[in-house]
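Residues per chain are reported as follows:
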Amino acid sequence: MADTQSIKPSETKREIEGLSEKIKDTRLTIQDLLVPLSVLLILVLLIIFVFIPMVKAAISFRGEYKSTVERLEELEKVEEKLREIDETTLQTDLINAKLVIPQTLRVASFMSYIDNLARELNLSSSSLTAGDSQTSVIRKSEQEEGETRVYFGVSSPLNYGGELSNILTFLDNLYEASPYVISISGVGLRKGGGDKWEVNLNVMGYYVPESTMKTNIYKDFESYLEYQDVVEAFSQKASQLK
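Comments concerning the overall build of the protein chain
Right, so step 1: Counting its secondary structure elements, the protein chain contains six helices and four strands.
Right, so step 2: Helices and strands appear in the protein chain in the N-to-C order α-α-α-α-β-β-α-β-β-α.
Right, so step 3: In the protein chain, buried positions account for 21% of the 242 residues.
Right, so step 4: A sequence separation of at least 24 residues applies to 73% of the contacts in the protein chain between residues at least 6 apart.
Right, so step 5: On the protein chain, roughly 17800 Å² of surface is accessible, and the fraction owed to carbon and sulfur atoms is 57%.

A closer look at the environment of Val-199
Right, so step 1: The topology assignment puts Val-199 in strand β4 (residues 196–207).
Right, so step 2: Judged by relative accessible area, which is 0%, Val-199 ranks as buried.
Right, so step 3: With 29 residues separating them in the primary sequence, Val-199 and Phe-170 have C-alpha atoms 10.0 Å apart.
Right, so step 4: Apart from residues lying up to four places away in sequence, Val-199 is in contact with Leu-158, Asn-159, Tyr-160, Ile-167, Leu-171, Val-187, Gly-188 and Leu-189.

Concerning the nonpolar core
Right, so step 1: Counting residues in hydrophobic clusters, the biggest one holds 23 residues, and the most contacted among them are Phe-110, Ile-114, Tyr-160, Phe-170, Leu-174 and Val-203.
Right, so step 2: Breaking this core down by element, the ones donating at least two residues are α4 (107–120), β2 (147–163), α5 (164–177) and β4.

Quick look at the packing of aromatic side chains
Right, so step 1: Applying the stated criterion across every chain, the model contains three aromatic pairs.
Right, so step 2: Relative to Tyr-207, the ring of Phe-152 has its centre 5.9 Å away and its plane inclined at 45°; by these criteria the two rings are tilted. Placement of Phe-152 in strand β2 and of Tyr-207 in strand β4 is noted, with a sequence separation of 55 residues between them.
Right, so step 3: The exposure class assigned to Tyr-207 is buried, which follows from its relative accessible area of 10%.

Quick word on the side chain of Ser-183
Right, so step 1: Summarising the element assignment, Ser-183 is placed in strand β3 (residues 182–191).
Right, so step 2: Among the polar contacts made by the side chain of Ser-183, one reaches the side chain of Tyr-206 at a distance of 3.0 Å.
Right, so step 3: Non-local contacts of Ser-183, meaning those with residues more than four positions away in its chain, are made with Tyr-175, Asn-202, Val-203, Met-204 and Tyr-206.

Some words on the pattern of salt bridges
Right, so step 1: Tallied over the entire structure, the rule returns three salt bridges.
Right, so step 2: Between Arg-83 and Glu-79 there is a salt bridge whose closest N-O contact spans 2.7 Å. With Arg-83 and Glu-79 both in helix α2 (residues 30–83) and four residues apart, the pair spans about one turn of that helix.
Right, so step 3: Owing to a relative accessible area of 66%, Arg-83 belongs among the exposed residues under this scheme.
Right, so step 4: Glu-79 sits in the partly exposed class, given a relative accessible area of 39%.
Right, so step 5: Residue Glu-198 pairs with Arg-190 through a salt bridge whose shortest N-O separation is 2.8 Å.
Right, so step 6: When its relative accessible area of 24% is taken as the criterion, Glu-198 is described as partly exposed.

Quick word on the pairing of β3
Right, so step 1: Pairing between β3 and β4: eight bridges, direction antiparallel. In the sheet register, Ser-185 faces β4, and the bridge partner there is Asn-202.
Right, so step 2: Linking β3 back to β4 in an antiparallel pair, the connection comprises four residues, with Gly-194 at a positive phi of about 65°.

Here's the deal with the confidence of the model for the protein chain
Right, so step 1: Residues of the protein chain with pLDDT of at least 70 account for 73%, and the chain-wide mean is 77.
Right, so step 2: Summarising per-element confidence for the protein chain, the mean pLDDT is lowest in strand β1 (residues 138–144) (50) and highest in α5 (92).
Right, so step 3: Segment residues 1–7: pLDDT under 50, and zero contacts once partners within four positions in sequence are set aside and those in other chains are kept.
Right, so step 4: In the model, residues 130–136 has pLDDT below 50 throughout and makes 16 contacts with residues more than four positions away in sequence or in other chains.

Points about unusual backbone geometry
Right, so step 1: Here Asn-122, not a glycine, exhibits a phi torsion of approximately 60°, which is positive.
Right, so step 2: You can call Asn-122 exposed: its relative accessible area is 64%.

Some words on α5
Right, so step 1: For α5, spanning 14 residues, the distance from its first C-alpha to its last is 19 Å, which sits close to the expected 20 Å at 1.5 Å a residue.
Right, so step 2: A maximum bend of about 35° is found in α5 at Leu-171.
Right, so step 3: When we look at burial in α5, the residues that qualify are Asn-166, Ile-167, Phe-170, Leu-174 and Ala-177.

Rules of the game
- Residues numbered from 1 in each chain as written.
- Predicted model: local features only at pLDDT ≥ 70, side-chain atom pairs only at ≥ 80, totals over all residues.
- Heavy atoms only, no water.
- Helix = DSSP H or I, 4+ residues; strand = E, 2+ residues; numbered from the N terminus.
- Buried < 20%, exposed > 50% of the residue type's maximum accessible area, 1.4 Å probe, protein only.
- Contact = heavy atoms within 4.5 Å.
- Areas by Shrake-Rupley, 256 points an atom, 1.4 Å probe, with all protein chains shown as cover.
- Core = buried A, V, L, I, M, F, W, Y, C linked by side-chain atoms within 4.5 Å.
- Phe/Tyr/Trp six-rings, centres within 6.5 Å; stacked < 30°, edge-to-face > 60°.
- Polar contact = N/O pair within 3.5 Å; in protein donor to acceptor, adjacent residues only side chain to side chain.
- Salt bridge = Lys/Arg side-chain N within 4 Å of Asp/Glu carboxyl O.
- Pairing = 2+ DSSP bridges.
- pLDDT = per-residue confidence, 0-100.
- Expected span 1.5 Å × (residues − 1).
- Bend = angle between axes of the 7 residues up to and from the residue.

Here it is, written out as structure tokens:
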């Protein structure tokens, strides 16, 4: 009986010691955390340097794809409108436009037509200073819809004298007399001696250098045929140069 009682405390002690060892084994240590922390760090690095750039690239690609599709649709609309224009008509109108608004222009080129008109109306010039040697390039910038338009031209001051009715007729027919696109500015009229009058004005002829022609194929297309009055005016002016 005594032996049985002496054995039980010894077994209980061993059991307690065994439990203590198990408890010690279940405690977290730095070595236990090292592996999961390393995995977590690798996962964070993958997210930062791989997954996030991939998501950004996918979003950017999606935006570019959408923009490309929209541009493609715009080009298809432009192509459809271009097909509505007769090719022969287009070539003819283009040739006329290049004649009326050439790539280069000299003062003498458009002044001869203006001077002929003045002579037909018996107008005389006391100070006709136009000539090739006095050709100058003038640029005008116009802000429209966020874009800057540059116009090139050569100008010359003019002075004519004669009867008032002839001077008024000269001014009325000046645009039609020149086969080029011109503009008039600084018109001044004063009484001369007797029944004579004098008119002072500045005439500018426009041209478009090839190097300045920039085309945005994605811009809203507008058919030039909608300005049929301008097309007809170009055709009439070009006939004087052919």
